[in-house]
Each structure stands twice: as structure tokens, then as C-alpha cells.
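Coordinates in review
Below are the chains, spelled out letter by letter.
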Amino acid sequence: MDLFEKLLQDRGPLGSHSKMAHGYYTFPKLEGELAPEMTFRGKKVLNWSLNNYLGLANHPEVRKADTEAAEEYGLAYPMGARIMSGNSTLLETFEKQLSDFVGKEDTMVLNYGYQGIMSVIDALLDRRDVVVYDSECHACIIDALRMHQGKRFVFPHNDIENCERQLERATKLVETTGGAILVITEGVFGMMGDQGKLKEIVDLKKKYPFRLLIDDAHGFGTVGEKGIGTGEAQGVQDEIDIYFSTFAKSMASIGAFVSADEQVVEYLRYNSRSQIFAKTLPSALVKGNMKRLELLMGHPEYKDKLWEIADALQSGLKKEGFNIGDTSSCVTPVFLKGGTNEAVNLVRDLRENFNIFCSVVAYPVVPKDVIMLRLIPTAMHTLEQVKVTIEAFKAIKHKLETNVYANEQPKIMS
């Protein structure tokens, strides 16, 4: 079969809906200043879909730092891969700041989060090693493990009893292979909002020989007294062997970092292929990220405001009988019963008649009879906007329960 013919015959579970969904349900365009209210298809909507937790995206000091850094450095410098010609004092200074904040000996800044953690996991492991990981780990981790040539054992989400059983299997296996064990989980699971059971996993170190890698993309800057992340919140930051996070969430930017013991980070610098064979993060972005980190560390009131909004949203939804799962972070999922057609009609109603924009997840990401709406509160939202949203959700829930959406044909929004 011709390659392109094969692609056209099976466009994938999401791509099969592209003609009906593109530009509205998928690949929508939110325009205007990054804020709780933006423009969607020419009309103002209340937006709950931006990973701008602390409201730094359009902070005046951030905009000023970004502008001045772009003028000073342009977007080319430093030119080339970091190991060859792309290193800079600015990058090294930023890495020292990050290390001090998260309490690790050393840090490597990565040019992207997704391929960054893939490369880190790839560099850490060889075919003799065994990985034990949570079933709900992000796609970037799953893709990294698809490259792993050794064994990998998955445990059901946050099931510590099963995690221990997988560690027992892994321990027996590495005794024959001569390899090592790496446990991977997340600080905050970005879809459901619950925290990984880091404390319980750390306790298993007393019985099993493993190292722990945490992806804390949604926890960094949002949880813990100082905003260091989930490890701080659970009192086990020192026991996390490899700490990874991204600048794309609480810092509303681009790039990522990995922190660990000095010798581990040095090893990663010389063995992470996505950093060795790709251009380094431009200095203009590094300088802007330094300003974001400064504000994150120096203004705890931003995190306090974020949690004021998140608490009001989550408590208000629960009071009205909504199922928001086991979230213990700002990520706010809302679980409803319905199929794909109902999800499509519900989202269109929210956007067209209630002027509310939020992300929707339906089959095959969740089971066929589940609709999940995912709301991301920020420090820029207001309590009045929370109230408006809860009232809108009450209305769509009633329509869903009375089969209004089930009886409508999905509409193609041209």
C-alpha cells in the first residue's frame, strides 16, 4: 500500500473528526491579549483554557523584560547546540537560580519540555534497566518509554500497593540483568488534577533500590508554601532524585529544566540527545524566564490569589453537585455523563450561548459515556467570573440530564 493511501484510510481517532471539528472544536483560535476574557470567532468569551496560573503572561514587568531582552539579544543568540557553541553565562546563572529554588545541586535548562523529558529518560536508561511508572503519566513520558529497550512495569494510577508489586518484580529482574530501577510519576497530574503519591513512593525506598523521577509541570509555582512544587507540599522534595518541570505553565513561557545531584546533571548534559543535537534556548527567552522566576519567588500573593479562585471554583462546583474527581491542585476537571455527540453540542452551547470557553475531553481519551470539561483557574480570574461560570454549568447540566443535547444533531461550525 502507498504510505499516503494508508494515512487517508485511517486518519486516527482524533483526525477522523477533523472535517467537522477543525477550527472550532479542535485547533480553535483565541485572539487578543492573554487574559480571562479573549476573543473567539469575533466574540468575547470567558476563557478557562490558558496555562497562565500566576498571571505572568502579560505581567508588565515580564513584557518589559521580554522586550528589552529581544532588543538586546535578538532571537538567534546563542547560535548552535549548547555543547558546541550555544552556551552562555546567562544560561548558567539561570540554572543556578533554579537549583537554589528547588533545592538541588545542579540544573540543566532544556529548550522544550516534551522532547526534553523524553531525552532525559532516554539518557538515563539502558536495556538492562527497569522502569516502574504510573499509568496516567503524560504522553511525553509514555513516548520516552516507548524508546526504552529494557523492561517497563506500569502500576494503576496512584495505586501504591500495585506499585510495590511492580517494584518487587523489577528488583528480581535487575538482580539478573545487573541494571537499575527508575520510578516515574507526576507531581500534579495535568488532566485530573490529583497529586502523585510521592510520600508513599518515597517510603518504598526503605525496601527497594530505586531512583525517583518526578514530572512537576503543573505543580511548580502553584503548590507548596514557597511554590517549589509537589515535593515541597508533601515534605519530600529532598527525596526526589530527579526533578523536572516546564516553564510553560506557571511561568507562561517556553522551555523546561531538570534538577538533580551535580554528577547526574553533568551526565545528562553530555548524553541528552535532544540538547546535544538541537539549538539552545535563545537568550531573550532565558532573560524573560529569569524575570518570571523572580516574580514567582518574590510575590507569593500571586499563588494566594490563584488558590482563592481555584478554591471558589471547586467548592462552588461541588456545592452544586458536580463531580470534580479527586483534584488536589488548581486543575479543575468536571465529569459529566454523555457521548461524543452530546459533548459536541454541549461545548457549542457553552461557547455560543454562554460565552464560556473551556477544554473538552471525550472518547477515546476518556470512556465512551464520559464527558470531561477541564478548567484552568488563574490569578487573573475574578470571583464574579467564577460565579458566572458555575451558573452556566448548572444550565448545561440540566440540558444534558433532560436529553436536550442527545436530541440535537452535531453542527459543523464553518
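In case you missed it, the structure is sitting above this.
Rules used throughout
- Residues numbered from 1 in each chain as written.
- Predicted model: local features only at pLDDT ≥ 70, side-chain atom pairs only at ≥ 80, totals over all residues.
- Heavy atoms only, no water.
- Helix = DSSP H or I, 4+ residues; strand = E, 2+ residues; numbered from the N terminus.
- Expected span 1.5 Å × (residues − 1).
- Buried < 20%, exposed > 50% of the residue type's maximum accessible area, 1.4 Å probe, protein only.
- Arc of directions from axis to C-beta.
- Contact = heavy atoms within 4.5 Å.
- Core = buried A, V, L, I, M, F, W, Y, C linked by side-chain atoms within 4.5 Å.
- Pairing = 2+ DSSP bridges.
- Axes fitted to C-alpha atoms, helices over the stretch in contact; angles between N-to-C directions.
- Lys, Arg positive; Asp, Glu negative; His and termini not counted.
- Salt bridge = Lys/Arg side-chain N within 4 Å of Asp/Glu carboxyl O.
- Polar contact = N/O pair within 3.5 Å; in protein donor to acceptor, adjacent residues only side chain to side chain.

**Quick notes on helix 3 (residues 60-73)**
If you check helix 3, its first and last C-alpha atoms are 20 Å apart, about what 14 residues at 1.5 Å a residue would give, namely 20 Å. Every buried residue of helix 3 is accounted for by Val 62, Ala 65 and Ala 69. Buried residues of helix 3, seen end-on, are gathered within an arc of 65° and therefore sit on one face of the element. Seen from the buried face of helix 3, the exposed residues on the opposite side, beyond 90 degrees, are Pro 60 and Glu 71. On its buried side, helix 3 packs onto helix 12 (283-298). The positive-phi residue at the C-terminal boundary of helix 3 is Gly 74, with phi of around 70°.

**A short note on the nonpolar core**
Counting 52 residues, the largest nonpolar core has Phe 94, Leu 98, Val 132, Leu 167, Phe 210 and Phe 220 as its most contacted members. By size, the runner-up hydrophobic cluster in this structure holds 34 residues, among which are Phe 322, Val 347, Leu 350 and Ala 362.

**With respect to the sheet that holds strand 5 (residues 130-134)**
Across the sheet, which stays open at both edges, the 7 strands sit in the order 4-10-9-8-7-5-6 with mixed pairing between neighbours. Pairing within the sheet leaves two strands with one partner each, and these edge strands are strand 4 (106-110) and strand 6 (151-155). Pairwise comparison of adjacent strand axes, ignoring direction, gives a mean angle of 20° for this sheet. Where helix 5 (residues 114-124) meets the sheet, it contacts strand 4, strand 7 (181-186), strand 8 (211-215), strand 9 (242-246) and strand 10 (256-260), and its direction lies at approximately 170° from that of strand 8.

**Points about unusual backbone geometry**
Going from Tyr 77 to Pro 78, the amide bond is cis rather than trans, its omega being -10°. Phi at Arg 41 takes a positive value of approximately 55°, unusual for a residue other than glycine. Not every positive phi belongs to a glycine, and Ala 252 is a case in point at roughly 50°. Within the secondary structure, Ala 252 is located in the loop between strand 9 and strand 10.

**As for the environment of Arg 128**
With respect to the helices and strands, the residue Arg 128 is situated in the loop between helix 5 and strand 5. When its relative accessible area of 42% is taken as the criterion, Arg 128 is described as partly exposed. Ignoring anything within four residues of it in the chain, the contact list for Arg 128 reads Val 174, Thr 177, Gly 178, Gly 179 and Ala 180.

**Notes on helix 6 (residues 139-147)**
Here helix 6 has its buried residues at Cys 140, Ile 141, Ala 144 and Leu 145. Summarising the axial view, the buried residues of helix 6 lie within an arc of 135°, below the 170-degree limit, and thus occupy one face. The inward-facing, buried residues of helix 6 abut helix 5, strand 5, strand 6, strand 7 and strand 8.

**A closer look at the side chain of Lys 104**
As for its position among the elements, Lys 104 is in the loop between helix 4 (89-102) and strand 4. With no salt bridge to any partner, buried Lys 104 finds its closest opposite charge in Asp 238, at an N-O distance of 5.2 Å. At 2.7 Å, the side chain of Lys 104 forms a polar contact with the backbone oxygen of Gln 237. The residues touching Lys 104, leaving out its near neighbours within four places in the chain, are Ser 99, Gln 237, Asp 238, Ile 240, Tyr 243, Ser 259 and Ala 260.

**Some thoughts on the pairing of strand 4**
Within strand 4, 5 of the 5 residues are buried, leaving the element largely enclosed by the surrounding structure. The side-chain alternation of strand 4 yields two buried faces, one formed by Asp 106, Met 108 and Leu 110 and the other by Thr 107 and Val 109. Taken together, the 5 bridges between strand 4 and strand 10 define a ladder with antiparallel strand orientation. Each residue of the ladder has a partner; that of Met 108, found in strand 10, is Val 258.

**A look at the pattern of salt bridges**
Side chains that carry opposite charge are capable of pairing whenever their charged atoms lie near each other. Within the structure shown, the criterion is met by 20 salt bridges. Across the pair Asp 66 and Arg 292 runs a salt bridge whose closest N-O atoms are separated by 2.9 Å. Of this pair, Asp 66 sits in helix 3 while Arg 292 sits in helix 12, placing them 226 residues apart in sequence. Arg 292 sits in the buried class, given a relative accessible area of 5%.

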